[in-house]
Amino acid sequence: LFAGVRQAQWLTKTKLVEGLPPSVQSILDNPAHTLQEHEGRVKDAISHARFWDTTEAAPRREQYCPVLFEDLIHLCRLMSRKYPSLSKRMLARNYRIAATWERESILLQIRGQNGILMNSMVPIPPVASKEEILATKDHVLETFHPILPTIDLQEVNVYKELNDTGFRVGYPYSHPHTLFFLESANICPNRFRPEQLRAKMLMFAFGNALAKAKALYGNDPKVLEQPIVVQSIGTDGQLFQFMVFQLNTTDLVSSDGIKNLVWIDSDHKLYEEAQCLPKIKKRVVVKPAGIYGFEPDTFKKFLALYLHGTV
């Protein structure tokens, strides 16, 4: 999207809140919810992705980014020993989402494949109170006049207004929990910039929540009695973006009334640098190979979003 998150906010009728919501922050602040020896295990995961899983001197991003993701998810799954309900999750790949809505007489749709989706047997409880939801009535959405908010969207002929979660009726893991976006293209111009990645994360979190809301409550625009929460995590294998989206309303035509909510915590590095080969000057090793600038708090946020809705 041309204007990034600001444009995605207008398209989805969403108010932005900086940082993580209190329900996620409380998990971060509680030592009981940490993984034992997590720093050493996360460092091993980084080393596996950047050093051990290749015969090349320096692996490509398209290789190490998915490997790191799988290792971090594995570490999160270890918490199911402590919280057995975490086993009621499923990762879905290559599923197809479809969501259609009208925004100020413009028909919009999200269709196709998005990131890897973790589904759950139970939904994430609403993160904003009824008072906070009602307070969004006073929020004024930013406009882009004289530029149209749809300036860079692909225009197509729509023959069927489709709303589909991508899963059959009766699928036991029917509630969207967290979307994972791996921006693993090795060539930088082919990757989403962080701002555009956050916009993509917001649009698809909204799309999954809207499709689920219409499957549960029908297509009529309304304020939801039970808001739907969908999370997003995006990474290029080093830099992480965290997002929690709450769908409060499917009445999206007008900019008035109750808005949806999104919490975004941006640009957190898991590590500063992975030195694949030692740096040598005049036959002296001045910088050994290894991980530099490790930030354990980034994984703590990753784990907190994984545990959210269960603990």
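Everything that follows concerns the structure shown earlier in this document.
Residues numbered from 1 in each chain as written. Predicted model: local features only at pLDDT ≥ 70, side-chain atom pairs only at ≥ 80, totals over all residues. Heavy atoms only, no water.

Caption draft 1: The environment of Thr 136, seen in detail. Residue placement: Thr 136 occurs in the loop between helix 5 (130-135) and strand 6 (175-182). Given the relative accessible area of 0%, Thr 136 is considered buried. Taking the C-alpha atoms as reference points, Thr 136 and Gly 257, separated by 121 residues in sequence, lie 7.5 Å from one another. The contacts of Thr 136, once residues within four sequence positions are left out, are Lys 15, Gly 257, Ile 258, Lys 259 and Leu 261. In this structure the side chain of Thr 136 is engaged in a polar contact, spanning 3.0 Å, whose partner is the backbone nitrogen of Lys 259. (Helix = DSSP H or I, 4+ residues; strand = E, 2+ residues; numbered from the N terminus. Buried < 20%, exposed > 50% of the residue type's maximum accessible area, 1.4 Å probe, protein only. Contact = heavy atoms within 4.5 Å. Polar contact = N/O pair within 3.5 Å; in protein donor to acceptor, adjacent residues only side chain to side chain.)

Caption draft 2: Seen up close, the packing of helix 2 (residues 22-29) against helix 7 (residues 296-307). Helix 7 packs onto helix 2 with a crossing angle of 120° between their chain directions and a minimal axis gap of 9 Å. Taken together, the axes of helix 2 and helix 7 lie oblique to each other. Remark: the crossing between helix 2 and helix 7 carries right-handed chirality. Contacts between helix 2 and helix 7 pair Val 24, Ile 27 and Leu 28 from the former with Lys 300, Lys 301, Ala 304, Leu 305 and Leu 307 from the latter. (Axes fitted to C-alpha atoms, helices over the stretch in contact; angles between N-to-C directions. Parallel < 35°, antiparallel > 145°, perpendicular 65-115°, else oblique. Left-handed = near helix turned anticlockwise from the far one by under 90°.)

Purely geometric stuff here, so don't read any function into it on its own.
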